[in-house]
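Take a look at the letters that make up each chain.
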Amino acid sequence: MRINVITIFPEYLEGPLGLSIPGRAREAGLVNYRLIDLREYATDRHRTTDDEPFGGGGGMVMKPEPFDAALGALEGPGRVVSLSPRGCPFDHRTAVRFALESDLTLLCGRYKGIDERVTEKWVDEEVSIGDYVLSGGEPAALVVIDAVVRLLPGALGDHDSAASDSFYEGLLSAPSYTRPAEHDGRSAPGVLRSGDHSRIEAWRAWRADRATRHRRPDLLDLDAAD
Ligand code: 97T
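By convention here, each chain's residues receive numbers from 1 onward along its written sequence. Given that the model is predicted, a residue must reach a pLDDT of at least 70 before its local features are reported, and side-chain atom pairs must reach 80 or more before they are shown or counted; all residues, however, enter totals for whole chains, interfaces and linings. Excluded from the side-chain calculation are hydrogens and water; included are all heavy atoms of the structure.

Chemist: Break down helix H6 (residues 138-149) for me, with residues and values.
Modeler: Numbered from the N terminus, helices here are DSSP runs of H or I no shorter than four residues, and strands are runs of E no shorter than two. To estimate the expected span of a helix, subtract one from its residue number and multiply by 1.5 Å. Compared with an ideal rise of 1.5 Å per residue, which puts twelve residues at 16 Å, H6 spans 16 Å between its outermost C-alpha atoms and is within 8% of the ideal. Regarding H6, the residues found buried are Glu138, Ala140, Ala141, Leu142, Val144, Ile145, Val148 and Val149. Under the scheme applied here, a residue whose accessible area is under 20% of the maximum for its type counts as buried, over 50% as exposed, and between as partly exposed, the area being computed with a 1.4 Å probe on protein chains only.

Chemist: How would you summarise the sheet that holds strand E5 (residues 79-89) if you had to cite specific residues and measurements?
Modeler: Spatial ordering of the open sheet is given by E2-E1-E6-E5-E7, a layout of five strands whose pairing is parallel. Where the open sheet ends on each side, the last strands, each with one partner, are strand E2 (32-37) and strand E7 (125-128). Neighbour-to-neighbour, the strand axes of the sheet open up by a mean angle of 30 degrees, direction not taken into account. Strand pairing requires that DSSP identify at least two bridges connecting the strands. The pairing of strand E1 (residues 2-7) with E2 spans six bridges and is classified as parallel. Across the sheet, threonine 7 pairs through a bridge with aspartate 37, a residue of E2. Sitting on the sheet, helix H3 (residues 64-73) is in contact with E1, E2, E5 and strand E6 (103-108), with an inclination near 165 degrees to E6. To obtain each axis, a line is fitted to C-alpha atoms, and for helices this fit is confined to the stretch in contact; angles are then taken between N-to-C directions over 0 to 180 degrees. Contacts are residue-level and defined by heavy atoms, with any inter-residue pair within 4.5 Å sufficient.

Chemist: Give a detailed account of the domain arrangement of the chain, specifying residues and quantitative values.
Modeler: On domain assignment, one finds that the chain holds domain 1 (2-149) and domain 2 (164-225). Domain extents, as shown, originate in an automatic or database domain assignment. Using C-alpha coordinates to define each centre, domain 1 is positioned 35 Å away from domain 2.

Chemist: Provide a residue-level description of the environment of arginine 79, including the pertinent values.
Modeler: By the element assignment, arginine 79 lies in strand E5. Exposure remark for arginine 79: the relative accessible area of 24% places this residue in the partly exposed category. The sequence separation of arginine 79 and aspartate 103 amounts to 24 residues, and the corresponding C-alpha distance is 6.3 Å. Setting aside residues up to four positions removed in sequence, arginine 79 forms contacts with Arg97, Phe98, Glu101, Asp103, Leu104, Thr105, Asp124 and Glu125. Between N or O atoms, a polar contact is any pair within 3.5 Å; within protein, one atom must be a potential hydrogen donor and the other a potential acceptor, and residues adjacent in sequence are included only when both atoms are from side chains. Here the side chain of arginine 79 touches glutamate 125 through a polar contact of 2.6 Å, side chain to side chain.

Chemist: If you had to explain the site of the ligand to someone new, which residues and values would you point to?
Modeler: Taken together, 13 residues are adjacent to the ligand, and Leu83, Ile129, Gly130, Tyr132 and Leu134 come closest. Here leucine 134 contributes a backbone N or O atom positioned 2.7 Å from an oxygen atom of the ligand. Computed by Shrake-Rupley with a 1.4 Å probe, the accessible areas treat only the displayed protein chains as cover when residues are assessed. Within the complex, 97% of the 300 Å² of free accessible area of the ligand lies under protein. The element best represented in the shell around the ligand is E5, accounting for three residues. The residue inventory of the shell around the ligand, partitioned by class, reads seven nonpolar, six polar and no charged. Only a single heavy atom is needed: when it lies within 4 Å of a molecule or strand, its residue is near that molecule or strand. Lys, Arg, Asp and Glu make up the charged group, whereas Ala, Val, Leu, Ile, Met, Phe, Trp, Tyr, Cys and Pro make up the nonpolar group; the residues left over, Gly among them, are polar.

Chemist: So what's going on with the packing of aromatic side chains? Which residues, and what values?
Modeler: Here a pair means two rings of Phe, Tyr or Trp (six-membered ring of Trp) with centres within 6.5 Å. Their orientation is stacked below 30 degrees between planes, edge-to-face above 60, and tilted elsewhere. Tallied over the entire structure, the rule returns one aromatic pair. Here arginine 207 stacks its cationic end above the ring of tryptophan 206, 5.8 Å away from the centre of that ring. Whether a charge lies above a ring is judged from NZ of Lys or CZ of Arg, which has to be within 6 Å of the ring centre and within 35 degrees of the ring normal. A cation over an aromatic ring shows up here: arginine 210 above the ring of tryptophan 206, its NZ or CZ 5.4 Å from the ring centre.

Chemist: Describe the pattern of salt bridges, listing the residues and the values that go with them.
Modeler: Opposite charge on two side chains permits them to pair, given that their charged atoms come into close proximity. Salt bridge, as used here, is a side-chain nitrogen of Lys or Arg placed within 4 Å of a carboxyl oxygen of Asp or Glu. Applying the stated criterion across every chain yields a total of 14 salt bridges. Note that glutamate 201 and arginine 204 form a salt bridge whose closest N and O atoms lie 3.8 Å from each other. Highlighted residues: glutamate 201 and arginine 204, both in helix H7 (residues 197-215), separated by three residues, approximately one helical turn. Glutamate 201 gets classed as partly exposed once you look at its relative accessible area, which sits at 47%. With a closest N to O distance of 2.8 Å, arginine 213 and aspartate 209 form a salt bridge. Of this pair, arginine 213 and aspartate 209 both sit in helix H7, separated by four residues, roughly a single helical turn.

Okay, structure coming up:
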C-alpha cells in the first residue's frame, strides 16, 4: 500500500511513522509513506499556503493552488481523504475500507480548513477523528494511518492480535490482565488462569457486553451497528 500525506509539516509525521507498527510495516515492505511538503508547491516568494476567508469571520483558509499543484503532481493519488472537523466520523469500518485501497492520499488542512474548490475537485471523502478541534490535520492523519496500517496482512506480530481489539466485533473488548497473578492486593480473575477456554470466552463476552453497555451504548444500537 502507498500512503501519501500532503502537509505543511512533514516533520510532524516523520518520527511517528518510523516507530511501532507503522514503522515495522514500512520496513517489511507492506506500506510506503510519502510525505509531501505543501510549501514546495507554493509559487510566491513567501511560499504562502493560506489566506483570509472570503466573507470575513477571522481565521485563515488554505489556498487552493498549492494543493491543486501537489495533487496534480501525484501520479496515482488513489482514494483522496481530507481530515476535517466537518468530516464523517472515522471508525473501524472506515479503517477497514481504507486498508483495502492500494493508494491513499491524506490532505492535512489547518486553520479554518481548505478552500472548498480543492475538496470538490479532488477529495473523495472528508473524515473527522472526533468531536474536538485540532490545530491541524496532522495528528488526525497519524491516527488514520495507524488504524489502517495495523490492518494490513502481516503488519501485526505474533504478540499482537487484531481479533482481540476493541471494535473488532463491534464491541469494546474485555479488560486484560498479565503476571503477576496478585498485584498490590488485587487478584487477576481466576477464570483467566483456569485454562478453561470456553469459560474464558464466556467471561470475556460478559465483560465486553458490560463495558459496552455502560460506556458505549451507541455501539449496541442495532440501527447504528449496521
Ligand atoms: O480540527 C481539525 C483541524 C484540521 C483538520 C482536522 C481536524 C479534525 O479532525 N478530526 C477532528 C478534528
